[in-house]
Structure formats: C-alpha cells, structure tokens
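Architecture at a glance
One letter stands for each residue in the lines below.
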Amino acid sequence: MFYLQLRVWSCLALLFAVDALYAKEPIKVICYTYYQYPPFVTDISNQKGLSYEFIQLLNYHPLNADRFDFSLVYQPRKRLNESLKRDAQIVLWVNPLFFSDRNKQLYHWTGTLLVDQQDFISKKSRPFDYAGVSSLANKRLGGVLGHTYIHIQAAIDKGLIKREDVLNEEANIGKLLLDRIDTFLIPQSAMRYYEDLMKIHDRIHYSATPLNRYSRHILIRRDADSGVIDYMNSIVDGLNNNEYWRALLNKYRLDLVPSSQELLP
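Values in this document were obtained by computation on a predicted structure and should not be read as measured data. (Residues numbered from 1 in each chain as written. Predicted model: local features only at pLDDT ≥ 70, side-chain atom pairs only at ≥ 80, totals over all residues. Heavy atoms only, no water.)

1. Examining the environment of Val29
Rules: Numbering of helices and strands runs from the N terminus, with a helix taken as a DSSP run of H or I at least four residues long and a strand as a DSSP run of E at least two residues long. Note on definitions: a residue-residue contact is assigned when non-hydrogen atoms from the two residues lie within 4.5 Å.
Structurally, Val29 is set in strand E1 (residues 27-33). Ignoring anything within four residues of it in the chain, the contact list for Val29 reads Phe68, Asp69, Phe70, Ser71, Ile90 and Val228.

Next comes the structure, spelled out in structure tokens:
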C-alpha cells in the first residue's frame, strides 16, 4: 500500500512539474507616458502618481487573470515619437489630435479615461479671463518649454503674444506668485493637485473660459497583440463601475466621465 501511495504522489508531482514547465508566462506589456507632472507622476523615483496606480489597476484587474504584466516607462515626447516608429505600442493619457490622428487612422484609441482642459491661471488680486487671442495682448504668458498651445500658437509664433517658458508647470506657479508673469497655462488635472499641495486656493483665479477642453485616451498601435487591445478596451469601458478607479479620481480631484465622451482640443 505504501509503495502504491508513493507511486501516486510521484505521478502527481510529475504532472505538476510538467504543467509548470508548459505554463504560459504573462505577456510583458510596456505602457509609455511623456507626462512627468502631477497627477500622472508625483514622484518618479518612488513610482508614485496616477500613471503608476493605473498600471496596478491593469495588472490586478480580475479580467487580466495573469495574462499580461504591465509596466510604465517615461520618455520625453520627442523620444517617444521615435519609439512609436520602432517598438513602443501603448501611450497613456493622450488625445488623437496630439498625434495628428483626428480620424483615428494611424492608431487604435480606447474610450475616454478623463476629460481635461488647458486653464489660464492668474492671481486672484489681478484676475485674467481669456476672451480670445486679443485678450492676451500686453500680457506675460507663462508656458512650458516644448509645449504647443493649440488655438494661440500661431499668434505666439508671430510675436503677438509674449510667451515665457519654464521647464515645468510648478515653476510657473512660483513666477505668478512673484508677479513675474500675468497668467500661465496648465492642465486643470495638474493645477488641482498643486492647488492642494501648495495650499493656494485663495490666491489663484481660474479663467472662466479655458484655452480648450479635451478627452484623454490610451493610444495603441494597430499591430499590437489583439488580446491586449481587447483587454484595454474592456478595462476602459468598465472604469465607471470600478471602485478602485473611483477612489483614484477622488484622490486627485478628478471627475468621472462616460467612456463614450470624446473631445478634441
């Protein structure tokens, strides 16, 4: 009897070993972002921010079932453009117009993750409200190096708007509070984070009219694995019913939006 049990256990052990040998490893999927500012990245060295938390959602969602292993890579926009021509396949938080794909012919696009807008921020003691290009005449406008501002960029290029660039959004807040600029442009999603972090709610003014509003999506190259595309679509379409996603939006003072809502800037 002992030898029979030993043989049974030996057979089972062999079956488990063979099963483990042929078990499929999760497909490694790299998601790219060129946003290194809040709420998307709040601490890149310690991997904190909405982008990293969204990667966790993708990895641990029940629909994944260990099929995919997602990770995040930051690249500046110019380098990311080159990576997209080679091996990069997924970019988070972007809009078709950002990649010259208004008609969605170049890439696959998921439903909407967030709706954001480019806000003009000024001091409450010297409020500025945007009313077209002419309203920026004789104003010192703070921008971020390398950024293109749709609707007013042509006027900037012609010298009709005085634009002063810094390396990041936070630097413009400092310049505004020191009266070195009159207003600056920043995504509302970022400004809400800084507003809480720096406790400046009572010192800043949001223009009643933003420069533009736009939806944020996930860009996926058309030659990506079909299983990855289907999975990403399913996740985004079901976000409104995901408690973890709702908690993240509440954490960063962001709004829940229908996946079908789409806005071009």
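2. Some remarks on empty space enclosed by the protein
So the rule is basically this: As defined here, a cavity is a set of points on a 1 Å grid over the protein atoms alone where a 1.4 Å probe fits but cannot get out. A pocket is an open set with protein on both sides within 12 Å along at least five of seven lines, and residues line them when an atom is within 4 Å of a point. Grid points are joined across faces, edges and corners, and a volume is the space filled by probe spheres set on the points. Any residue outside Ala, Val, Leu, Ile, Met, Phe, Trp, Tyr, Cys, Pro, Asp, Glu, Lys and Arg is labelled polar, Gly included; the first ten of those are nonpolar and the last four are charged.
Per the counting criterion, the structure on display carries 1 cavity of 30 Å³ or more. What the largest cavity holds in volume is close to 40 Å³. Thr112, Leu113, Val236, Asp237, Leu239, Asn240, Trp245, Leu256, Val257 and Ser259 together form the lining of the largest cavity. Each residue belonging to the lining of the largest cavity can be placed in one class, and the counts come to 6 nonpolar, 3 polar and 1 charged.

3. Re the side chain of His61
Quick reminder of the rule: Polar contact is defined as a pair of N or O atoms within 3.5 Å, subject to the rule that within protein one atom must be able to donate a hydrogen and the other to accept it, and that residues adjacent in sequence are counted only when both atoms are side-chain atoms.
Looking at where His61 falls in the secondary structure, it is placed in the loop between helix H2 (50-60) and strand E2 (68-74). A distance of 3.0 Å separates the side chain of His61 from the backbone nitrogen of Leu63, its partner in a polar contact. Apart from residues lying up to four places away in sequence, His61 is in contact with Tyr231, Ile235 and Asn242.

4. Remarks on the confidence of the model for the protein
Heads up, the rule is: Values of pLDDT, ranging from 0 to 100, describe the predictor's confidence in every residue of the model.
Scored by pLDDT, the protein comes out at a mean of 92, with 91% of its residues at no less than 70. When the criterion is pLDDT under 50, residues 8-22 qualifies, and its contacts beyond four places in sequence or with other chains add up to 0 contacts.

5. Some words on the side chain of Gln153
Relative to the assigned elements, Gln153 resides in helix H4 (residues 153-157). Reaching out from Gln153, the side chain makes a polar contact with the side chain of Arg163 at a distance of 3.2 Å. Leave out the neighbours within four places in its chain, and Gln153 touches His147, Thr148 and Arg163.

6. With respect to the environment of Asn240
What counts here: Working definition: with a 1.4 Å probe on protein chains only, accessible area under 20% of the residue-type maximum means buried, over 50% means exposed, and in between means partly exposed.
Note that Asn240 resides in the loop between helix H7 (226-237) and helix H8 (243-251). Accessibility expressed as a relative area gives 25% for Asn240, which makes it partly exposed. As for Asn240 and Leu113, which are separated by 127 residues in sequence, their C-alpha atoms are 9.5 Å apart. Polar contacts involving the side chain of Asn240 include one to the main-chain carbonyl oxygen of Val257, which spans 3.3 Å.

7. A short note on the layout of surface pockets
Space inside the largest pocket adds up to approximately 920 Å³. Looking at the largest pocket, it is lined by 30 residues, and the ones nearest its centre are Tyr34, Tyr35, Arg77, Gly146 and His147. For the lining of the largest pocket, the secondary structure elements donating two or more residues are helix H3 (77-86), helix H5 (169-177) and strand E10 (212-221). Of the residues forming the lining of the largest pocket, the biggest block, 3 residues, is contributed by E10. Residues belonging to the lining of the largest pocket are distributed by class as follows: 18 nonpolar, 7 polar and 5 charged.

8. As for the packing of aromatic side chains
The condition that has to hold: Between rings of Phe, Tyr and Trp, where Trp is taken as its six-membered ring, a pair exists when centres lie within 6.5 Å; planes separated by under 30 degrees are stacked, by over 60 edge-to-face, and by other angles tilted.
Inspection of every chain in the model, using the stated rule, returns 19 aromatic pairs. Each ring, one from Phe40 and one from Trp93, has its centre 5.1 Å from the other, and the planes form 35°; the classification is tilted. Of this pair, Phe40 sits in the loop between E1 and H2 while Trp93 sits in strand E3 (residues 90-94), and the two are 53 residues apart along the sequence. When its relative accessible area of 0% is taken as the criterion, Trp93 is described as buried. Each ring, one from Phe68 and one from Tyr231, has its centre 5.4 Å from the other, and the planes form 40°; the classification is tilted. On the criterion of sequence distance, the pair formed by Phe68 in strand E2 and Tyr231 in helix H7 is long-range, its members being 163 residues apart. We classify Phe68 as buried; its relative accessible area is 5%. Of the aromatic side chains, those joined through ring pairs into one cluster are Tyr34, Tyr35, Tyr37, Phe40, Phe54, Trp93, Phe99, Tyr107, Trp109 and Trp245.

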